[in-house]
Amino acid sequence: TVSLPLAQEQDAAAPIPSTTHMPCKEAHILIVDDDMIVRELAAEILSDSGYTITTRANGEEAIAYYHQAWRDIDLVILDLIMPKVGGKEAFLAMHKINPGIKALVFSGHSIDGEAQEVIDAGALGFVQKPCEPTELTEKVEKAIFA
């Protein structure tokens, strides 16, 4: 015999919490973009979805950070056109540090050209700027769990 408590009635007017964009596990994302507004907006969107976020303003800073923290980073989101070191060069440097790197290209330019080269080199996808928050979170989830 198994005795279970009776279920309590739920208030019909109470909203059901949405889990549409909640990640299935904790993840740390490195966002690299020279545009402060884009960087902070992407960080806010993904932070609100439950991710831990670190940001860097250019590829040089990102490579230095990745070199010391790559074991804790689940995904890198890279802009292509940045001062000092661009996204392609940053990705290739990070790939040497960790051949298993998971990365998305985040660019206002088309996927043709340099973005496609980074994808061919191992990046998992492309996010066109500007994008809807849901598009960003969906592509991030897909990349993290790929």
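Structural notes, computed from the coordinates.

Rules of the game
- Residues numbered from 1 in each chain as written.
- Predicted model: local features only at pLDDT ≥ 70, side-chain atom pairs only at ≥ 80, totals over all residues.
- Heavy atoms only, no water.
- Helix = DSSP H or I, 4+ residues; strand = E, 2+ residues; numbered from the N terminus.
- Buried < 20%, exposed > 50% of the residue type's maximum accessible area, 1.4 Å probe, protein only.
- Lys, Arg positive; Asp, Glu negative; His and termini not counted.
- Salt bridge = Lys/Arg side-chain N within 4 Å of Asp/Glu carboxyl O.
- Contact = heavy atoms within 4.5 Å.
- Pairing = 2+ DSSP bridges.
- Axes fitted to C-alpha atoms, helices over the stretch in contact; angles between N-to-C directions.
- Right-handed = clockwise from strand over helix to strand, strands pointing away.
- Phe/Tyr/Trp six-rings, centres within 6.5 Å; stacked < 30°, edge-to-face > 60°.
- Lys NZ or Arg CZ within 6 Å of the ring centre and 35° of its normal.
- Parallel < 35°, antiparallel > 145°, perpendicular 65-115°, else oblique.
- Nonpolar A, V, L, I, M, F, W, Y, C, P; charged D, E, K, R; others polar.

Along the chain, R39 turns up in helix α1 (residues 36-48). Within the buried set, R39 has no salt-bridge partner at all; the shortest N-O distance to an opposite charge, 5.4 Å, is to E40. Excluding anything up to four places from it in sequence, R39 contacts I31, D33, D34, T55, R56 and A57.

Let's shift gears to the sheet that holds strand β3 (residues 75-78). The sheet built from 5 strands is open, its strands ordered β2-β1-β3-β4-β5 with parallel pairing. Both edges of this open sheet fall to β2 (52-56) and β5 (125-128), since each of them pairs with a single strand only. Recorded for the sheet is a direction-independent mean angle of 20° between the axes of neighbouring strands. The sheet contact formed by strand β1 (residues 28-32) and β2 spans 5 bridges and is parallel. Within β2, the residue paired with I31 across the bridge is T55. Set on the sheet, α1 makes contact with β1, β2, β3 and β4 (103-107); between it and β2 the angle comes to about 170°.

Another aspect to go through is the pairing of β5. Sheet topology note: the β4/β5 ladder contains 4 bridges and is parallel. Its bridge partner lying in β5, V105 is registered against F126. Read as a crossover between parallel neighbours, the route from β4 over helix α4 (residues 114-120) to β5 is right-handed.

All right, on to the packing of aromatic side chains then. What describes a pair of aromatic rings is the distance from one ring centre to the other and the angle between the planes of the rings. Within the structure shown, the criterion is met by 0 aromatic pairs. Between the NZ or CZ atom of R56 and the centre of the ring of Y65, over which it lies, the distance is 4.5 Å. Over the face of the ring belonging to F106 we find K129, whose NZ or CZ atom lies 5.2 Å from the ring centre.

Turning our eyes to something else, we now look at unusual backbone geometry. Cis geometry is found at the peptide bond from K129 to P130, where omega equals -10°. Mapping P130 onto the fold places it in the loop between β5 and α5 (133-144). Look at K84: it is not a glycine, yet its phi comes out positive at around 70°. Secondary-structure assignment places K84 in the loop between β3 and α3 (87-97).

Glancing now at the packing of helix α2 (residues 59-69) against α3. Running from N to C, α2 and α3 cross one another at 10°; their axes reach a closest spacing of 9 Å. For the element pair α2 / α3, the angle class is roughly parallel. Between α2 and α3, the contacting residues are G59, A62, I63, Y66 and H67 on the first element and E89, A90, A93, M94 and I97 on the second. The residue makeup of the contact of α2 with α3, split by class, is 7 nonpolar, 2 polar and 1 charged.

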